[in-house]
Amino acid sequence: MFALQAAVINFQLWVRSETACQKREGYLEWPDYFMAVAVLTAQRSKDPNTQVGACIVNPENKIVGIGYNGMPIGCSDDVMPWGKTASNELDTKYPYVCHAELNAFVNKNSADVKGCRIYVTLFPCNECAKLIIQAGIKEVIFVSDKNHDKSEVKAAKRLFDLTGITYTRFTPKRRQLVVDFD
Ligand SMILES: Nc1ccn([C@H]2C[C@H](O)[C@@H](COP(=O)(O)O)O2)c(=O)n1
Ligand SMILES: [Zn+2]
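Being a predicted model, the structure only gives us computed values, none of them experimental. (Residues numbered from 1 in each chain as written. Chains lettered and ligands numbered in written order. Predicted model: local features only at pLDDT ≥ 70, side-chain atom pairs only at ≥ 80, totals over all residues. Heavy atoms only, no water.)

Things to note about the sheet that holds strand S5 (residues 166-169)
Pairing is mixed across the open sheet formed by five strands, whose spatial order is S2-S1-S3-S4-S5. Each edge of the sheet is formed by a strand with only one pairing partner; in this case those strands are strand S2 (63-68) and S5. Along the sheet, successive strands turn relative to each other by an average axial angle of 15°, direction set aside. Across five bridges, strand S3 (residues 117-122) lies against strand S4 (residues 139-144) in parallel orientation. (Pairing = 2+ DSSP bridges. Helix = DSSP H or I, 4+ residues; strand = E, 2+ residues; numbered from the N terminus. Axes fitted to C-alpha atoms, helices over the stretch in contact; angles between N-to-C directions.)

Rendered as structure tokens:
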């Protein structure tokens, strides 16, 4: 009788420790993680209207570059214009602001980005599409396509189609990810 009880107890301990050795559930999966990095990076932007973030990821799921839209280095955010319209186009942000994708390439920490994918919060314009193609990026994952009717975006899609670069709207696994410093 005593021997039998001991055997039962041991078995229960084994079951409990097996459960504890399972991997954690609800962890952040790669796509949500990379897009969250792009979204968080966009929060660095000083653009009062549209904040964009980009995150370049290599085939080994390593982040090799991140960027957000901002004025060139040395051009004070407090002096440069941030408006969309002005009587003179030179007094708007457009001729000066560096796009998030451009900054992600410039900030890259690897020799090249061939075969990488880029996570962007806004669909790339034609100028960024050219950079994406020339750099050897194979896949674009985007959140917003709010400028889909603009020729910059239409041209970007034409370039991607011609060069076989895929572009996919991001479908998150989870709707919200809270960063809580508390
Ligand atoms: N793929 C893109 C498209 C745009 N941007 C930047 C450029 C501007 O700072 C802003 C767009 O401003 P809006 O015309 O919406 O007032 O977004 C970028 O970084 N990447
Ligand atoms: Zn662009």
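Focus on the pairing of strand S1 (residues 53-57)
Of all five residues that make up S1, five are buried, and the element is covered over most of its length. With burial as the criterion, each face of S1 is covered, one bearing Gly-53, Cys-55 and Val-57 and the other bearing Ala-54 and Ile-56. Adjacent in sequence and paired antiparallel, S1 and S2 are bridged by five residues, among which Asn-61 carries a positive phi angle near 60°. In this structure, S1 lies alongside S3, joined through four bridges in antiparallel fashion. Note that in S3 the partner of Val-57 across the bridge is Arg-117. (Buried < 20%, exposed > 50% of the residue type's maximum accessible area, 1.4 Å probe, protein only.)

So, a nonpolar patch on the surface
Taken together, Leu-28, Trp-30, Tyr-33 and Leu-177 make up a surface patch of nonpolar side chains, about 360 Å² in accessible area. Accessibility expressed as a relative area gives 41% for Leu-177, which makes it partly exposed. (Patch = residues over 30% accessible without salt bridge, like charges linked within 9 Å, V, L, I, M, F, W, Y side chains within 5 Å. Areas by Shrake-Rupley, 256 points an atom, 1.4 Å probe, with all protein chains shown as cover. Salt bridge = Lys/Arg side-chain N within 4 Å of Asp/Glu carboxyl O.)

So, the coordination of the zinc ion (ligand 2)
Surrounding the zinc ion (ligand 2) are the protein donor atoms His-99 (ND1), Cys-125 (SG) and Cys-128 (SG), which sit 2.0 to 2.2 Å from the metal. Spacing between the donor residues of the zinc ion (ligand 2) along their common chain follows H-x25-C-x2-C. Separated by 29 residues along the polypeptide, His-99 in the loop between S2 and helix H3 (100-106) and Cys-128 in helix H4 (residues 126-135) bring together distant segments of the chain. Given the relative accessible area of 3%, Cys-128 is considered buried. (Donors = N, O, S within 2.8 Å, 3.2 Å for Na, K, Ca; no water.)

As for the packing of H4 against helix H5 (residues 151-163)
Where H4 meets H5, the axes come as close as 8 Å, and the angle between the chain directions of the two elements is 20°. As the angle between them shows, H4 and H5 are arranged roughly parallel. Like other packed secondary-structure pairs, H4 and H5 cross with a definite hand, here right-handed. Of H5, the residues touching H4 (which contributes Asn-126, Ala-129, Lys-130, Ile-132 and Ile-133) are Glu-152, Ala-155, Ala-156, Leu-159, Phe-160 and Thr-163. Its residues placed into classes, the contact of H4 with H5 shows seven nonpolar, two polar and two charged. (Parallel < 35°, antiparallel > 145°, perpendicular 65-115°, else oblique. Left-handed = near helix turned anticlockwise from the far one by under 90°. Contact = heavy atoms within 4.5 Å. Nonpolar A, V, L, I, M, F, W, Y, C, P; charged D, E, K, R; others polar.)

Remember that the coordinates give geometry; whether it matters functionally is a separate question.
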